[in-house]
Amino acid sequence: MSSECIFCKILSRKLPARIIFDDDRAIAFDDINPQAPVHVLVIPKKHISTTLDLSQEDNVLIGHLFQVANRIAVEKNIAERGFRLIMNTNPEAGQSVYHIHLHLLGGRAMLWPPG
Ligand code: 5GP
Ligand code: ZN
């Protein structure tokens, strides 16, 4: 828990969000500025600033974030069509919130390479 972190505030319900999944280790909610018809953020309840701060003890937690994202993709009927899972690390990748989050993007064709 980091008192200045907006995603920790969403976790503690001090900031509103459309939360679509919640368990003992993670939550998922709609991105406030969606870049695709489906744009969900899956975050751990543990405050971790960037992927560079992951330790070996977080390995199962990271796998869990992917399991949650897959489940949501199936529920939203984008699994077969395809979707993208992204974690941005540090400024040049466009990280703006320093609490790791897995972007689940889908519902439209994605471009490659990304911008
Ligand atoms: P990043 O740029 O760090 O990879 O992704 C941060 C994401 O969080 C952005 O897509 C941004 O739209 C989203 N975001 C930032 N603040 C809020 C907020 O208060 N609520 C929600 N639901 N999403 C947010
Ligand atoms: Zn946080």
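Please read these numbers as outputs of a predicted model, since none were measured by experiment.

A. Structural detail: the coordination of the zinc ion (ligand 2). Taken together, the protein ligands of the zinc ion (ligand 2) are C5 (SG), C8 (SG), H47 (ND1) and H99 (ND1), with distances of 2.0 to 2.3 Å. Angles of 104 to 116 degrees at the metal separate the 4 donor atoms of the zinc ion (ligand 2), which places the site in the tetrahedral class. Read in sequence order, the donor residues coordinating the zinc ion (ligand 2) give the pattern C-x2-C-x38-H-x51-H. In this pair, C5 is assigned in the segment before α1 (6-11) and H47 in the loop between β3 (38-44) and α2 (59-75), connecting sequence segments 42 residues apart. Among the residues examined, H47 registers a relative accessible area of 23% and is labelled partly exposed.

B. A look at unusual backbone geometry. With omega at 5 degrees, the peptide bond leading from W112 into P113 counts as cis. Structurally, P113 is set in the segment after β5 (102-106). Positive phi outside glycine occurs at R13, with the angle close to 65 degrees. The topology assignment puts R13 in the loop between α1 and β1 (19-22). With a relative accessible area of 47%, R13 lands in the partly exposed category. In this structure, N90 is a non-glycine residue whose phi angle is positive, near 70 degrees.

Cut-off values and rules
- Each residue is numbered by its place in its chain's sequence as written, counting from 1.
- Here the convention is simple: chains get letters from A, ligands get numbers from 1, in the order in which they are written.
- Local features in a predicted model are, by the rule used here, given only for residues with pLDDT of at least 70; side-chain atom pairs are given and counted only at 80 or more, and totals for whole chains, interfaces and linings are based on all residues.
- Neither water nor hydrogens contribute to the side-chain values; these are computed over all heavy atoms in the structure.
- Any N, O or S atom lying within 2.8 Å of the metal counts as a donor, with the limit raised to 3.2 Å for Na, K and Ca; because water is left out of the atom set, some sites can appear incomplete.
- Sites are called tetrahedral only when four donors show all angles between 85 and 135 degrees, square planar or octahedral only when four or six donors show opposite pairs over 155 degrees and all other angles between 65 and 115, and irregular in any remaining case.
- Runs of E in the DSSP output that reach at least two residues are strands. Runs of H or I that reach at least four are helices, and both are numbered from the N terminus.
- Burial classes follow relative accessibility: with a 1.4 Å probe on protein chains only, a residue under 20% of its type's maximum area counts as buried, one over 50% as exposed, and anything between as partly exposed.

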